[in-house]
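Close look at the chain arrangement
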Amino acid sequence: MSVKASPLLEVTALNVHFGGTSLIPAFAGPTLRAVNGVSLTVMPGETLGLVGESGSGKSTLGRAILRIGDLTSGEILFDGTDMARATVGDLARLRRQTAMIFQDPYGALNPRMRVGEAIAEVLRVHRKVPRDKIGARVAELLNLVGLDEGYARSRPVDLSGGQCQRVGIARALAVEPKLIVADECVAALDVSIQGQIINLLMDLRERIGMAIIFIAHDLAIVRRLCDRVAVMYLGRIVEIGPTEQVFTDPSHPYTASLLRAIPDIDPDKGLPANPLTGEPPSPLALPCGCAFHPRCPKALPQCSTGEPPSLEGVGPHRAACILPPGEITI
Amino acid sequence: MTAILRTGTGRTGFRLSFGGGPLPLYLGGAIILGWFVLALLAPVVAPYDPIYQDVAARLQPPSLAHWFGTDNFGRDILSRVIWSARIDLQIALFGVVFPFIIGTVLGSCAGYFGGWIDTILMRIIDVVLAFPFLVLMMAIIVILKPGLSSFYVAMALVGWVSYARLVRAQILVIKSSDFVVAATSLGYSHSRIMFRHLLPNAILGSVVFSMSDAVLVLLNGAAISYLGLGVQPPTAEWGIMIAEGQSFITSAWWITTFPGIAIVTLAMGFSLLADGLGEKLGVRE
């Protein structure tokens, strides 16, 4: 993949905290640190996978980047503009150039609106095409996501989950976005439909060249679709790098355990040995030191004290662990 | 989505079902339509002038000449019941429409924008609800001037709170759903999100509620007229007719019974329509 010099998206030290503020300081509850000092970049046309357990802050991060959710501090440079401190005009530009695909294909569509109308609305609001060409463009978009233009007259209730997800993608594409955030967009679909949607996204990426932040917990799909992958644990990125490197040579014990936990389809191989035990600690009370140390099989005494380790490494593949990359294999 | 819309329809606690079909809808619609046609054709179908006093034919029981009998002024009950439909349908309509509009607008603003708008509005609603409904209505009507238009004003001032609470609750639920988040992420304006995405999904419960509310408004209108604060005599209205006939209830049962039956049938029509509508809209989702 050819990569241009300047990144499309550059997130620096992004924090998203919930609660913990009150007019009277003594009444302030605990702070939920959903996203904790996350920095990442996305190049134009690149697909970045964001993986991690539920509650690791992947969705919160995705929503904060699109400015749908709140953020506490940090910088979100989109095409050179800091969207964390966006003016109304900046925000309008962000909305015109980004889109989101949701997990629940039905929930993402207005049940009272016909599919064609939902897509036409985007074209009309953003004045993408002249009024008399809207119908043709809607048909074109539906064809692009593999739906017959006759579906324009259907309501979401009449469609299957996979069809609804295609409509959701068509609506996102109507914006002609530079960046799409896909939040668990295949998790609610049947496995066979998942494959279709992933193939569709790969095909569209080739044709349109938008960047995708692909939030998922299914590692096999991420490996197939993404150029790079970022592994999140309790609001922090613990490892980031080119997908193949991360998958074949993980540099963080958490990534290693995640990869070993992928069940094999071959019944002779049995289930993965010594899987990751326990639950992640509560983001309301993060442990000192590395947040992963209570569950880490390789934890050293110094892991439980001080600041959490920062992302280190040579080249694009970096991990937040004090152990050298060769020693994390369990 | 299904669950949300269904809660709006299950409000009566019981459900009439006739083989699962939308029979209540048609039955209720037919009853209301029947009364509407009767009201419209009152000058044609009513056998007598509703306020003409035939002193010679006072307190006559139902007969071939007077099917529903006559009252203590010799007025034909059947004609008065038919003419009353004009007033009472009007009461049901205006007594619902104004609260519906005011409540929906204020409730959706409170639910969508939240913050201080929501806080202030909810406190106002608390204040209105703190007063007994009928007493507050009577107070407003007495301050204005007894009559039908004062009744509508009072109804609008008091009745909007139920709609506002209903719509606000629905908006709060729908606001966090993905399609509204999607609309925000696509850069739609507040008014577009409100009118195109939130309200069409939030208003269903209110529409169904407005039908059963029509029953309450109708009974309220009758009660207010009964108390002498609504429609003024000699105009024919079911509430007034019952009020006037009550002193003869032991000797001339027909004076109060027939307008009473009229109220019950129209109220049942609205009730059935509400149930059928709720069921139909619930099923369609």
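About the cut-offs
- Residues numbered from 1 in each chain as written.
- Chains lettered and ligands numbered in written order.
- Predicted model: local features only at pLDDT ≥ 70, side-chain atom pairs only at ≥ 80, totals over all residues.
- Contact = placed C-beta atoms within 7 Å.
- Helix = DSSP H or I, 4+ residues; strand = E, 2+ residues; numbered from the N terminus.
- Nonpolar A, V, L, I, M, F, W, Y, C, P; charged D, E, K, R; others polar.
- Pairing = 2+ DSSP bridges.
- Core = buried A, V, L, I, M, F, W, Y, C linked by C-beta atoms within 7 Å.
- Buried ≥ 20, exposed ≤ 12 C-beta atoms within 10 Å, placed from the backbone.
- pLDDT = per-residue confidence, 0-100.
- Axes fitted to C-alpha atoms, helices over the stretch in contact; angles between N-to-C directions.
- Parallel < 35°, antiparallel > 145°, perpendicular 65-115°, else oblique.
- Left-handed = near helix turned anticlockwise from the far one by under 90°.
- Expected span 1.5 Å × (residues − 1).
- Arc of directions from axis to C-beta.

A closer look at the interface of chain B and chain A
- Every contact between the two is made by 15 residues of chain B and, on the other side, 19 residues of chain A.
- Breaking the side of chain B that touches chain A down by element, the ones donating at least two residues are α8 (178–185) and α9 (190–202) of chain B.
- Per-element tally for the side of chain B that touches chain A: the top contributor is α8 of chain B, with six residues.
- Counted by class, the side of chain B that touches chain A contains seven nonpolar, six polar and two charged residues.

Considerations on the sheet that holds strand β10 (residues 236–242) of chain A
Residues and elements named next belong to chain A.
- The seven strands lie next to each other as β6-β7-β8-β3-β9-β10-β11, forming an open sheet whose pairing is mixed. Edge positions in the open sheet fall to β6 (98–101) and β11 (318–319), since each of these has one partner strand only.
- One ladder, built from six bridges, connects strand β9 (residues 228–233) with β10; its direction is antiparallel. Looking at the pairing, Met-232 lines up with Ile-237 of β10.

Remarks on the nonpolar core
- Ile-119, Ile-213, Phe-214 and Val-231 of chain A together with Leu-218 of chain B are the most contacted members of the largest nonpolar core, which has 171 residues in total.
- If we skip the residues at most four places from it in the chain, Phe-214 of chain A touches Thr-47, Leu-48, Gly-49, Leu-50, Ala-182, Val-222, Leu-225 and Cys-226 of chain A.

A word on the confidence of the model for chain B
Residue and element names in this part refer to chain B.
- Of all residues in chain B, 91% have pLDDT values of 70 or greater, and the mean over the chain is 83.
- Taken as a whole, residues 1–20 scores under 50 in pLDDT and shows 26 contacts with residues more than four places along the chain or in a different chain.
- For this predicted complex, the interface confidence reaches an ipTM of 0.84, while the overall pTM sits at 0.77.

Digging into the pairing of strand β4 (residues 73–78) of chain A
Residues and elements named next belong to chain A.
- Bridge analysis of strand β1 (residues 9–18) against β4 gives five bridges, and the strand direction is antiparallel. Across the sheet, Val-11 pairs through a bridge with Ile-76, a residue of β4.
- Sheet topology note: the β4/strand β5 (residues 81–82) ladder contains two bridges and is antiparallel. Paired with Phe-78 across the bridge in β5 is Thr-81.
- Turn length for the β4-β5 hairpin, with the two strands adjacent in sequence and antiparallel, is two residues, and the turn residue Asp-79 shows positive phi of about 55 degrees.

Considering the packing of helix α2 (residues 23–40) of chain B against helix α4 (residues 77–113) of chain B
Residue and element names in this part refer to chain B.
- Direction vectors running N to C along α2 and α4 enclose 115 degrees, while the axes themselves pass 8 Å from each other. The angle between α2 and α4 places the two elements in the roughly perpendicular class. Considering the relative orientation of α2 and α4, their crossing is left-handed. Contacts between α2 and α4 involve Trp-35, Phe-36, Leu-38 and Ala-39 on the former and, on the latter, Ile-82, Ala-85, Arg-86 and Leu-89.
- The residue makeup of the contact of α2 with α4, split by class, is seven nonpolar, no polar and one charged.

Regarding helix α6 (residues 191–208) of chain A
Residues and elements named next belong to chain A.
- With 18 residues, α6 extends 25 Å between its outermost C-alpha atoms, agreeing within 8% with the 26 Å of an ideal straight helix rising 1.5 Å per residue.
- Buried within α6 we find Ile-197, Ile-198 and Leu-201. Angular distribution of buried residues about the axis of α6 spans 100 degrees; they occupy a single face of the element. Turned more than 90 degrees off the buried face of α6, the exposed positions are Ser-192, Glu-206 and Arg-207.
- Taken together, the buried residues of α6 touch α5 (161–174), β8 (211–216) and α7 (219–225).
- Gly-209 sits one or two positions beyond α6 and adopts a positive phi of about 75 degrees.

Section: the packing of helix α5 (residues 115–130) of chain B against helix α7 (residues 148–175) of chain B
Residues and elements named next belong to chain B.
- Following both chains from N to C, one finds α5 and α7 inclined at 130 degrees, their axes separated by 10 Å at the closest point. As far as their axial angle goes, α7 and α5 are oblique. The handedness of the crossing between α5 and α7 is left-handed. From α5, Leu-121, Ile-125, Val-128 and Leu-129 reach across to α7, where they touch Val-158, Val-161, Ala-164 and Arg-165.
- Each residue belonging to the contact of α5 with α7 can be placed in one class, and the counts come to seven nonpolar, no polar and one charged.

Some remarks on the sheet that holds β5 of chain A
Residues and elements named next belong to chain A.
- Spatial strand order, β2-β1-β4-β5: four strands in an open sheet with antiparallel pairing. Across the chains shown, the open sheet's two edge strands, defined by having one partner strand only, are β2 (32–42) and β5.
- Sheet topology note: the β1/β2 ladder contains seven bridges and is antiparallel. Within β2, the residue paired with Leu-9 across the bridge is Val-42.

Structural notes on the environment of Trp-35 of chain B
All names here are of chain B.
- Structurally, Trp-35 is set in helix α2.
- We classify Trp-35 as buried; it has 20 C-beta atoms within 10 Å.
- Sequence separation between Trp-35 and Ile-224 is 189 residues; the distance between their C-alpha atoms is 21 Å.
- With sequence-adjacent residues up to four places away left out, Trp-35 is seen in contact with Ala-85, Leu-89, Leu-266 and Gly-269.

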